[in-house]
Protein chains: 2
Amino acid sequence: MATFGDIGLAAGINILSALVFLIAFAILRLQPFNDRVYFPKWYLKGLRESPTHSGAFVKKIVNLDWRSYIRFLNWVPDALKMPEPELIDHAGLDSAVYLRIYLLGLKIFVPVTLLAWAILVPVNWTNNTLEKSKVTNKLQYSDIDKLSISNIPFGSNRFWTHIVMAYAFTFWACYILRKEYATVTAMRLHFIASERRRPDQFTVLVKNVPPDPDESVSESVEHFFLVNHPDHYLTHQVVFNANKLAQLVKEKKSKQNWLDYYQLKYSRNQSKRPMTKTGFLGLCGEKVDAIEHHIAEIERLSKEIAEETKRVKNDPKSIMPAAFVSFKTRWAAAVCAQTQQSRNPTVWLTEWAPEPRDIYWDNLAIPYVSLSIRRLIVSVAFFFLTFFFMIPITIVQSLANIEGIEKIAPFLKPIIEVSLIKSFIQGFLPGIALKIFLIVLPTILMLMSKFEGFLSISSLERRSAMRYYIFNFINVFLVSVIAGTALQQLKSFIHKSASTIPTTIGVAIPMKATFFITYIMVDGWAGVAGEILRLKPLIIFHLKNFFLVKTEKDREEAMDPGSIGFDTGEPQIQLYFLLGLVYAVVTPVLLPFILIFFALAYVVFRHQIINVYNQEYESAAAFWPDVHGRIISAMVFSQLILMGLMSTKGAAQSTPFLVALPILTIYFHKFCKGRYEPAFIRYPLQEAMMKDTLERAREPNLNLKGYLHNAYIHPVFKYYDEYDEDELTREKLEQESELVPTKRQSRRNTPVPSKISGGSSPSLPDVQENLQP
Amino acid sequence: MATFGDIGLAAGINILSALVFLIAFAILRLQPFNDRVYFPKWYLKGLRESPTHSGAFVKKIVNLDWRSYIRFLNWVPDALKMPEPELIDHAGLDSAVYLRIYLLGLKIFVPVTLLAWAILVPVNWTNNTLEKSKVTNKLQYSDIDKLSISNIPFGSNRFWTHIVMAYAFTFWACYILRKEYATVTAMRLHFIASERRRPDQFTVLVKNVPPDPDESVSESVEHFFLVNHPDHYLTHQVVFNANKLAQLVKEKKSKQNWLDYYQLKYSRNQSKRPMTKTGFLGLCGEKVDAIEHHIAEIERLSKEIAEETKRVKNDPKSIMPAAFVSFKTRWAAAVCAQTQQSRNPTVWLTEWAPEPRDIYWDNLAIPYVSLSIRRLIVSVAFFFLTFFFMIPITIVQSLANIEGIEKIAPFLKPIIEVSLIKSFIQGFLPGIALKIFLIVLPTILMLMSKFEGFLSISSLERRSAMRYYIFNFINVFLVSVIAGTALQQLKSFIHKSASTIPTTIGVAIPMKATFFITYIMVDGWAGVAGEILRLKPLIIFHLKNFFLVKTEKDREEAMDPGSIGFDTGEPQIQLYFLLGLVYAVVTPVLLPFILIFFALAYVVFRHQIINVYNQEYESAAAFWPDVHGRIISAMVFSQLILMGLMSTKGAAQSTPFLVALPILTIYFHKFCKGRYEPAFIRYPLQEAMMKDTLERAREPNLNLKGYLHNAYIHPVFKYYDEYDEDELTREKLEQESELVPTKRQSRRNTPVPSKISGGSSPSLPDVQENLQP
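Sequence order sets the numbering: in each chain, residues are counted from 1 along the sequence as written. The order in which chains are written sets their letters, starting at A; the order in which ligands are written sets their numbers, starting at 1. Totals for whole chains, interfaces and linings use all residues, but because this is a predicted model, local features are given only for residues with pLDDT of at least 70 and pairs of side-chain atoms are given and counted only at 80 or more. As a rule here, side-chain values come from all non-hydrogen atoms in the structure, and water together with hydrogens is ignored.

- In the annotation of an unreviewed UniProt entry, chain A is listed under the name Calcium permeable stress-gated cation channel 1 and assigned to Forsythia ovata.
- UniProt positions are given in the numbering used here, feature names are shortened, and annotations may be inferred rather than shown by experiment. Of chain A, the UniProt comment under Sequence similarities (unreviewed entry) reads exactly: "Belongs to the CSC1 (TC 1.A.17) family."

### Some remarks on the side chain of Ser 619 of chain A
Residue and element names in this part refer to chain A.
Okay, step 1: Strands are runs of DSSP state E lasting at least 2 residues, helices are runs of H or I lasting at least 4, and numbering of each runs from the N terminus. Structurally, Ser 619 can be placed in the loop between helix H28 (591-611) and helix H29 (624-648).
Okay, step 2: Its relative accessible area of 11% is what places Ser 619 among the buried residues.
Okay, step 3: Throughout, a residue-residue contact means that at least one pair of heavy atoms, one from each residue, lies within 4.5 Å. In contact with Ser 619, other than residues within four places in its own chain, are Asp 94, Arg 188, Asp 358, Ser 458 and Arg 462. Burial classes follow relative accessibility: with a 1.4 Å probe on protein chains only, a residue under 20% of its type's maximum area counts as buried, one over 50% as exposed, and anything between as partly exposed.

### Some words on the sheet that holds strand S5 (residues 319-327) of chain B
Residue and element names in this part refer to chain B.
Okay, step 1: Strand order in the open sheet formed by 4 strands is S2-S5-S1-S6, with antiparallel pairing between adjacent strands. At either margin of the open sheet sits one strand with a lone partner, and together these are strand S2 (233-240) and strand S6 (349-352). The sheet shows a mean angle of 30° between the axes of neighbouring strands, direction not considered.
Okay, step 2: For two strands to be treated as a pair, DSSP must find at least two bridges joining them. Note that strand S1 (residues 203-207) and S5 share 4 bridges and pair antiparallel. Its bridge partner lying in S5, Leu 205 is registered against Phe 324. Fitting a line to C-alpha atoms yields each axis, with helices limited to the stretch in contact; the angle taken between N-to-C directions then spans 0 to 180 degrees.

### Some words on the relation of the copies chain B and chain A
Okay, step 1: Screw-axis analysis of chain B against chain A gives a translation of 0.0 Å along the axis, an RMSD of 0.1 Å, and a rotation angle of 180°. Such a turn and shift between the copies fits a two-fold axis. Measuring from the rotation axis to each C-alpha of chain B, the shortest distance belongs to Ser 497 of chain B, at 1.6 Å.
Okay, step 2: Both copies share a contact surface, since 100% of the interface residues of chain B are interface residues in chain A too. Here the copies are matched by least squares. The fit uses the C-alpha atoms of residues with pLDDT of at least 70 in both.

### Re the nonpolar core
Okay, step 1: Phe 477 of chain A together with Phe 477 of chain B are the most contacted members of the largest nonpolar core, which has 315 residues in total.
Okay, step 2: Those residues in contact with Phe 477 of chain A that lie beyond four places of it in its chain are Asn 472, Ile 509, Phe 516, Leu 575, Leu 578, Leu 579, Val 582 and Phe 637 of chain A. Nine residue types can take part in a nonpolar core, namely buried Ala, Val, Leu, Ile, Met, Phe, Trp, Tyr and Cys, and a core is a set of them joined through side-chain atoms within 4.5 Å.

### A word on the interface of chain B and chain A
Reports of interface size often rely on the accessible area that becomes lost once the parts have come together.
Okay, step 1: Contacts between the two partners involve 47 residues from chain B, matched on the other side by 47 residues from chain A.
Okay, step 2: Summed over both partners, buried area is the accessible surface (1.4 Å probe) that two parts give up on being assembled. Summing both sides of the interface, chain B and chain A together bury roughly 4,000 Å²; the carbon and sulfur share of this comes to 58%.
Okay, step 3: On the chain B side of the contact with chain A, Gln 340, Arg 343 and Tyr 667 of chain B bury the most area, a combined 17% of that side's loss.
Okay, step 4: Each reported salt bridge corresponds to a side-chain nitrogen of Lys or Arg within 4 Å of a carboxyl oxygen of Asp or Glu. Taken together, chain B and chain A are joined by 2 salt bridges.
Okay, step 5: When the shortest N-O distance is used, the salt bridge between Glu 687 of chain A and Arg 343 of chain B registers 3.1 Å.
Okay, step 6: For the purposes of these results, a polar contact is taken to be a pair of N or O atoms within 3.5 Å, where, inside protein, one atom must be able to donate a hydrogen and its partner to accept one; residues adjacent in sequence count only when each atom of the pair is a side-chain atom. Inspection of the chain B/chain A interface yields 16 residue pairs in polar contact (both at pLDDT 80 or more).
Okay, step 7: Secondary-structure elements contributing two or more residues to the side of chain B that touches chain A are helix H10 (159-192), helix H12 (217-228), helix H15 (330-338), helix H16 (368-388), helix H30 (655-676), helix H31 (678-681) and helix H32 (685-698) of chain B.
Okay, step 8: A total of 6 residues in the side of chain B that touches chain A trace back to one element, the largest contributor, which is H30 of chain B.
Okay, step 9: Classification convention: Asp, Glu, Lys, Arg as charged; Ala, Val, Leu, Ile, Met, Phe, Trp, Tyr, Cys, Pro as nonpolar; all other residues, Gly among them, as polar. Residue classes in the side of chain B that touches chain A are distributed as 25 nonpolar, 17 polar and 5 charged.

### Describing the sheet that holds strand S1 (residues 203-207) of chain A
All names here are of chain A.
Okay, step 1: An order of S2-S5-S1-S6 is seen for the 4 strands of this open sheet, with the pairing classed as antiparallel. Looking at strand neighbours, the two that pair on one side only are strand S2 (233-240) and strand S6 (349-352), the edges of this open sheet. With strand direction ignored, the average angle separating the axes of adjacent strands in the sheet is 30°.
Okay, step 2: In this structure, S1 lies alongside S6, joined through 4 bridges in antiparallel fashion. Paired with Lys 207 across the bridge in S6 is Leu 349.

### Focus: a positive patch on the surface
Okay, step 1: On the surface, a cluster of positive charge is made up of Lys 265, Lys 272, Lys 277 and Lys 287 of chain A.
Okay, step 2: The exposure class of Lys 265 of chain A is partly exposed, given its relative accessible area of 41%. Only residues whose relative accessible area exceeds 30% and that take part in no salt bridge are eligible for patches, with like-charged residues grouped when within 9 Å of each other and nonpolar side chains (Val, Leu, Ile, Met, Phe, Trp, Tyr) grouped when within 5 Å. Accessibility throughout is a Shrake-Rupley quantity obtained with a 1.4 Å probe, and a residue counts as covered only by protein chains that appear here. Positive charges come from Lys and Arg alone, negative charges from Asp and Glu alone, with His and the N- and C-terminal ends not counted. Here the site of a charge means atom NZ of a Lys, CZ of an Arg, CG of an Asp or CD of a Glu.

### What about the pattern of salt bridges?
Any two side chains of opposite charge can pair, given that their charged atoms come close.
Residues and elements named next belong to chain A.
Okay, step 1: The final tally for this structure, using the stated rule, is 36 salt bridges over all chains.
Okay, step 2: A salt bridge links Arg 198 to Asp 200; the nearest nitrogen and oxygen atoms lie 2.8 Å apart.
Okay, step 3: Note that Arg 330 and Asp 692 form a salt bridge whose closest N and O atoms lie 3.3 Å from each other. Remark: Asp 692 occurs in helix H32 (residues 685-698) and Arg 330 occurs in helix H15 (residues 330-338); sequence separation between them is 362 residues.

### Here's the deal with the environment of Val 481 of chain A
Residue and element names in this part refer to chain A.
Okay, step 1: Considering the arrangement of structural elements, one finds Val 481 in helix H21 (residues 457-481).
Okay, step 2: Through-space distance from the C-alpha of Val 481 to that of Ala 508 is 6.0 Å; in sequence the pair is 27 residues apart.
Okay, step 3: If we ignore the near neighbours within four places in the chain, the residues touching Val 481 are Ile 505, Ala 508, Ile 509, Lys 512 and Phe 516.

### A look at helix H16 (residues 368-388) of chain A
Okay, step 1: Take the number of residues in a helix, subtract one, and multiply by 1.5 Å to get its expected span. Compared with an ideal rise of 1.5 Å per residue, which puts 21 residues at 30 Å, H16 of chain A spans 30 Å between its outermost C-alpha atoms and is within 8% of the ideal.
Okay, step 2: Buried within H16 of chain A are the following residues: Tyr 368, Leu 371, Ser 372, Val 378, Phe 382, Leu 385, Thr 386 and Phe 387 of chain A.

Structure representation (structure tokens):
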């Protein structure tokens with residue numbers, strides 16, 4: 001049982017480490033040679049130039065201006081200063097609304113904390129149940145427990161305070177949630193209706209085009225929409241299966257990069273032609289002149305790409321049964337996206353097209369029947385992943401012991417046998433398999449979502465986030481509360497009655513308060529402070545910079561801005577909502593720790609969004625219904641276990657009062673769903689018509705067809721074209737001034753899809769991945 | 001424990017009573033004076049004349065043609081002869097598809113019965129578990145049990161047969177369900193796209209028109225749709241709150257009827273002017289000349305109606321914030337019904353308009369927020385109704401005993417004290433409260449649905465059917481299987497573990513087989529045979545005919561054709577599906593009894609639909625997804641309890657094989673939902689466009705506005721107009737030939753909404769109810 005002293009010590013350690021992170025960040029961010037690590041967003045936007053361009057060499061690497069160190073916490077007001085509309089403009093609506101989740105945490109929990117400390121803490125403290133039971137039962141208790149519900153005597157009337165508080169907290173949370181839902185809905189509608197014309201406003205994604213023996217997919221699509229939307233159909237873009245082409249383009253890009261490198265090398269040292277080996281990774285095989293070899297390779301690949309492009313564009317088999325159909329007006333696109341086209345509801349499926357850069361191209365051709373089978377497979381797989389993941393890990397752990405290693409690698413025996421190392425390995429090894437699993441878990445979940453067949457990166461991330469939350473809820477929260485693995489719990493819950501489950505959890509909840517306080521400090525405080533330091537990207541950038549960066553372009557690509565990472569970030573926040581809601585009534589001591597997390601995380605992530613993270617797509621806050629729903633489910637869960645806890649405390653007569661709470665909460669959720677969720681799924685015709693009319697009045701001669709012409713072309717074609725143009729520009733530049741690394745400003749300002757945008761995401765097609773071999 | 005002999009006796013009694021009903025029906029239906037009881041559908045269609053018109057007096061009442069009695073089962077081939085397309089034309093798609101539910105039962109259970117008797121019965125029979133346990137434990141068993149799963153020894157490998165059979169039955173049922181869903185979907189789409197033009201194809205119901213201080217509802221609707229559907233908007237019809245007007249019209253109709261009666265009476269006996277009293281029901285008050293009094297009353301009411309009509313049409317307060325908006329094409333109506341209009345998804349709600357006669361006018365003005373509160377209230381109320389309905393009934397039962405009656409009505413004491421009567425009352429009274437409750441239950445459920453705010457009679461009936469099924473499932477099926485009231489079960493289930501619930505039910509299932517066999521024979525065989533006899537309508541018709549019928553019009557209205565009664569009929573069928581699916585593997589002996597029910601009910605209801613029931617609305621088989629879903633849920637339930645049963649039989653190793661079954665079934669349901677359900681909710685644009693194009697080519701000069709002009713006017717206005725016209729015709733006729741009761745043929749052929757259509761339904765506005773005071 002932790003006392004105040006223990007908690008204080010833990011708090012001290014974690015505050016200290018958080019401070020160390022923040023100070024280290026404050027110093028490191030001022031060094032020019034870290035500029036690309038801490039301000040990549042500005043580079044991506046083309047608003048910041050490499051500081052290495054001018055000035056003394058030392059100044060390029062270290063900041064010698066002592067005054068800048070004094071104001072080492074300056075970044076905080078900077079991060080908070082940018083107003084929200086500007087933030088939306090700078091980093092997109094998704095980012096701005098993502099930050100509102102932290103604000104929502106503050107809005108809910110600041111009054112809850114104040115109320116709980118003003119009322120619940122005194123009510124709990126002024127009892128002596130624990131002291132008495134210490135005397136009679138020799139029970140150990142801590143000062144923390146004296147502030148919790150455990151200190152109320154059995155069957156006391158004081159429990160009415162807790163019930164009233166549970167109602168108050170629920171009403172407050174619902175009030176704030178409703179207000180926030182309304183705000184986000186308004187922001188989304190305003191954003192969508194904003195001035196900027198976007199291709200997805202006019203475009204509908206048509207899936208499952210039925211095969212026609214007499215017509216190509218393109219003709220079939222055109223005829224269908226000319227017949228069924230005669231006054232509105234504008235143009236369409238078929239979807240090519242360009243995976244092979246993407247592979248070739250990637251290869252060529254890599255070779256081109258090596259060529260640049262060798263040419264640079266040769267130009268620096270003209271005495272020696274650079275050589276390379278043709279085999280695996282340039283390590284074996286015939287030795288040849290590197291520059292000539294690469295020029296020849298590029299030529300070959302260019303030819304192949306040209307052939308493949310021709311093949312893809314002409315071979316009907318490479319055309320997938322899907323298309324992006326564009327309409328003359330937003331109204332018509334909204335109509336087509338919301339209606340059923342054919343009497344067979346599994347063909348001619350239409351949906352609002354995602355933003356071009358948000359599309360996950362690989363999934364566009366999955367047929368309807370296969371989709372539902374995939375969904376079944378993935379849900380079964382996720383069930384097994386959640387409840388049985390400990391089994392393979394236990395097997396790995398039992399194999400990966402000292403004896404196992406000695407058997408496989410006998411030459412390591414003398415080293416391992418050193419007792420210090422031995423004990424280290426024995427203590428460390430069992431954990432490592434689990435750790436590795438937890439690190440790759442988001443990737444596994446993302447793969448599941450991809451297999452399930454979602455069509456946009458944003459929906460992939462949303463689905464992964466849901467799964468990650470469920471996994472965390474079961475394997476982090478429940479497993480921490482009740483001892484035993486998730487599988488054991490599943491077994492025991494199946495064999496227990498429905499009414500004892502909340503009781504079992506409810507009873508264990510107050511006892512785990514100190515554990516979760518420590519968890520919040522480690523994961524929430526120090527973890528978030530560590531996020532701003534970006535230690536991993538920092539190290540990797542400098543390693544890459546030192547060993548691998550051959551050209552200026554490489555440096556640009558070595559820069560890893562990362563992204564918000566909705567699929568892992570949001571479930572983490574949700575865990576804090578869950579903890580806050582569960583402990584608000586039971587152990588209010590925990591609340592201030594959560595408040596600090598929300599405040600710190602808000603500032604840190606606002607800074608990161610402004611300065612670091614790259615915006616990979618814009619879904620216009622499509623994730624809000626999920627966020628709202630998960631908070632509601634945490635509320636219902638907390639109400640159920642409060643009921644369970646009360647029933648063991650001799651306050652069973654309170655059950656009828658508490659039963660109404662989850663019913664009201666679920667009803668509130670249904671109300672919100674009906675009132676606000678449609679704005680996240682459909683595009684109201686009124687809005688569309690308004691925007692259309694405005695545009696028609698303003699730009700009567702707009703060439704919409706030209707505007708939409710290439711919007712939904714597979715990125716590989718676009719990249720390929722762009723790349724070729726690029727090459728020309730570069731060659732021209734190089735003729736003008738050799739040896740000066742060019743900054744192709746033009747490239748950075750190219751509109752969507754940004755070449756770099758896929759850099760850090762695991763979800764864009766391979767084409768856009770790193771060029772390193 | 002029932003033996004074959006017991007079952008045989010019960011079967012004999014029920015077959016006998018069924019036969020008695022059928023023979024009685026065969027005789028009664030041939031009597032001309034029963035013609036209106038057994039063939040009202042043909043009267044409603046105007047295809048049959050009153051046989052009382054011509055011929056000898058005796059012949060008008062009794063059929064003396066002995067030859068017709070010989071072929072007393074002739075109605076069976078007659079009922080089966082009418083082909084389905086003709087049936088759809090005659091009685092609507094709803095009726096035709098309703099009959100397919102019985103056919104579906106036959107399609108599923110005929111092969112299942114054959115397979116079960118060929119494989120499961122021998123497997124069960126060739127054991128001696130029950131004989132052995134009779135010797136060792138003195139357990140009683142019956143021959144029926146020897147054919148059931150109870151006869152398999154503990155842990156036997158023979159259980160694999162049952163598991164394989166469970167899979168076979170599931171696959172067969174799913175195969176048939178899928179085929180049937182596809183057929184019904186095709187029928188529905190074909191029906192909707194059929195030649196006949198219907199107003200609902202062009203019309204959308206708009207609810208929650210937001211209030212506008214500057215514009216009336218009508219203007220607001222017109223402006224909104226002119227702006228947002230500029231090329232398609234045609235016209236609209238606002239909804240009036242005409243409840244008071246409907247009341248007045250009803251009153252006038254009644255007075256008019258009395259006037260007719262008195263005039264008839266006076267014309268027969270000119271010596272005495274008929275007199276009446278002005279007070280309550282003509283029993284007290286001043287005595288006046290009846291004819292003059294009624295003429296005066298009618299005049300007054302006519303004036304009031306005219307005033308009220310004027311008021312309703314001019315007072316903006318009597319216009320409800322809803323409207324029927326019609327479009328120029330089916331395409332535009334389909335678009336408007338399927339899309340969201342405004343950025344606030346709780347206003348300007350659009351949905352495909354129901355057929356005019358299907359509309360439940362009273363609910364058109366319920367605002368969005370109120371709707372969701374109503375839904376919450378009704379679901380809570382239904383929960384209490386289901387689990388706590390026994391409490392008031394028990395109270396009533398405890399009050400309504402002999403002593404209670406003697407206290408309230410001491411003058412009855414001498415009669416009650418007679419021992420025979422006393423024992424009869426004591427045995428009868430406790431049941432009567434329950435019986436009365438069960439009789440009014442469908443009405444209560446219908447009231448709940450009405451309160452919930454559904455807009456069409458078809459959806460009201462669908463929702464009531466769902467509730468009635470749940471109520472039956474819990475309070476008939478579960479309560480019969482496990483002793484104790486639903487409330488006691490709920491309590492015990494909450495306190496039991498999730499895994500023991502299927503076990504508890506599963507173990508009890510085989511023991512209740514004989515009970516359910518008897519139930520099927522009583523409710524299914526004799527009950528259905530009783531349905532065709534129409535004893536209640538027969539008696540009521542003749543009573544009315546004798547005592548109340550004053551005019552020919554009254555006779556027409558005394559005829560009570562009834563309707564299919566989806567809200568009570570479908571849940572009854574579903575109970576048989578449930579029994580069949582549950583017992584298919586456990587006690588296959590039950591299956592033939594269910595087969596006989598389905599076959600008998602199919603023939604009987606086909607006859608009733610052709611000859612008796614009035615079609616109240618046409619929802620184009622909108623109920624099929626509900627039917628399908630309930631059969632699926634019965635399948636999943638049967639699989640779960642099979643698992644529970646197996647686990648107690650020492651066949652726990654089979655659980656993994658059985659777990660896959662409900663998962664696959666639910667997955668199958670999801671697939672069907674995605675593949676077929678949209679056809680029941682949306683109108684595909686392709687269909688709409690095809691129909692539009694065809695119509696444009698065929699009738700280029702169609703005056704659609706004229707066609708739709710009065711389609712969605714409140715029935716009271718329509719009735720009123722029609723009624724007035726009627727009066728004129730009648731007066732003209734009366735001038736021509738007094739004393740001859742007129743058959744206004746014209747009235748019978750008037751299109752929707754048929755005046756009579758609401759006669760037997762509790763759901764149409766009061767206007768159309770019976771005229772009797």
